[in-house]
Amino acid sequence: MKKIISKDLVEHIAKLAKIPVSEREKEKLAEGFNKTLAVVDELFKVDVSKVEPTHQVTGLENVFRED
């Protein structure tokens, strides 16, 4: 897993958001962000070229009249 988010970047973001974070929290947050980004990278590798977009999955229809 390639590290993209460092403790320093977490600290910077926390300062911008005015959220106090401890050193341990910075480490855990950086680790969590990097794991999440690794999963997103894997999702981008999936071939979805032959999958039709899904816009409506419930089967519900508009019950309002046209007027």
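Just so it is clear, the structure is predicted and the values come from calculations on it, not from any experiment.

**Some thoughts on a nonpolar patch on the surface**
Next, step 1: Taken together, the side chains of Val-39, Leu-43, Val-46, Val-48 and Val-51 present a nonpolar region at the surface, about 470 Å² in accessible area.
Next, step 2: Along the chain, Val-51 turns up in the segment after α2 (23-44).

**Here we look at α2**
Next, step 1: Compared with the 32 Å implied by 1.5 Å per residue over 22 residues, the 32 Å span of α2 between its first and last C-alpha is a close match.
Next, step 2: Among the residues making up α2, those that are buried are Lys-26, Ala-30 and Asn-34. Projected down its long axis, α2 carries its buried residues within an arc of 65°, all on one side. Turned more than 90 degrees away from the buried face of α2 sit Arg-24, Val-39 and Leu-43, all of them exposed.
Next, step 3: Buried positions along α2 lie against α1 (7-17).

**A short note on the packing of α1 against α2**
Next, step 1: Closest axis-to-axis distance for the α1/α2 pair is 8 Å, and the angle between their directions is 105°. The angle between the axes of α1 and α2 places the two elements in the roughly perpendicular class. Between α1 and α2, the residues in contact are Lys-7, Val-10 and Glu-11 and Glu-23, Lys-26, Glu-27, Leu-29, Ala-30 and Phe-33, respectively.
Next, step 2: The residue makeup of the contact of α1 with α2, split by class, is four nonpolar, no polar and five charged.

**Some details on the side chain of Asn-34**
Next, step 1: Structurally, the position occupied by Asn-34 is in helix α2.
Next, step 2: Its relative accessible area of 3% is what places Asn-34 among the buried residues.
Next, step 3: A distance of 2.9 Å separates a polar atom in the side chain of Asn-34 from the backbone nitrogen of Ile-4.

**Quick notes on the pattern of salt bridges**
Next, step 1: On inspection of all chains with the given rule, the structure shows eight salt bridges.
Next, step 2: The partner of Glu-27 in a salt bridge is Lys-7, and the shortest N-O contact between them spans 3.8 Å. Taken together, the positions of Glu-27 in helix α2 and Lys-7 in helix α1 put the pair 20 residues apart, joining distant regions of the chain.
Next, step 3: Across the pair Glu-42 and Lys-45 runs a salt bridge, and its minimum N-O distance is 3.1 Å.
Next, step 4: Exposure remark for Glu-42: the relative accessible area of 47% places this residue in the partly exposed category.
Next, step 5: What you see here is one network of salt bridges that share partners, running through Lys-7, Glu-11, Lys-15, Glu-23, Arg-24, Lys-26 and Glu-27.

The rules behind the values
- Numbers given to residues run from 1 along each chain, matching the order in which its sequence is written.
- For this predicted model, a pLDDT threshold of at least 70 governs which residues receive local features, and a threshold of 80 or more governs which side-chain atom pairs are given and counted, while totals over whole chains, interfaces and linings are taken from all residues.
- To get the side-chain values, take all heavy atoms of the structure and skip hydrogens and water.
- Residues enter a patch when their relative accessible area is above 30% and they make no salt bridge; the linking distance is 9 Å between like charges and 5 Å between nonpolar side chains (Val, Leu, Ile, Met, Phe, Trp, Tyr).
- Calculation of accessible area relied on Shrake-Rupley with a 1.4 Å probe; when residues are assessed, cover is drawn exclusively from the protein chains displayed.
- The term salt bridge refers to a side-chain nitrogen of Lys or Arg lying within 4 Å of a carboxyl oxygen of Asp or Glu.
- Secondary structure follows DSSP: runs of H or I at least 4 residues long count as helices, runs of E at least 2 residues long count as strands, and numbering of each begins at the N terminus.
- The span you would expect from a helix comes to 1.5 Å times its residue count less one.
- For every residue, the accessible area obtained with a 1.4 Å probe (protein chains only) is divided by the maximum for its type, and the residue is called buried under 20%, exposed over 50%, and partly exposed between those limits.
- Relevant arc is that of directions from the helix axis to the C-beta atoms, nothing else.
- Two residues qualify as a contact provided that any one of their heavy atoms is within 4.5 Å of a heavy atom in the partner residue.
- What counts as an axis is a line fitted to C-alpha atoms, over the stretch in contact for a helix, and the angles between N-to-C directions run from 0 to 180 degrees.
- These descriptions rest on fixed angle ranges, namely under 35 degrees for roughly parallel, over 145 for roughly antiparallel, 65 to 115 for roughly perpendicular, and the rest for oblique.
- Residue classes follow a fixed rule: Ala, Val, Leu, Ile, Met, Phe, Trp, Tyr, Cys and Pro count as nonpolar, while Asp, Glu, Lys and Arg count as charged, and any other residue, Gly among them, counts as polar.
- Identification of polar contacts relies on pairs of N or O atoms within 3.5 Å, with a donor-acceptor requirement for protein atoms, meaning one able to donate a hydrogen and the other able to accept it, and with residues adjacent in sequence counted only if both atoms are side-chain atoms.

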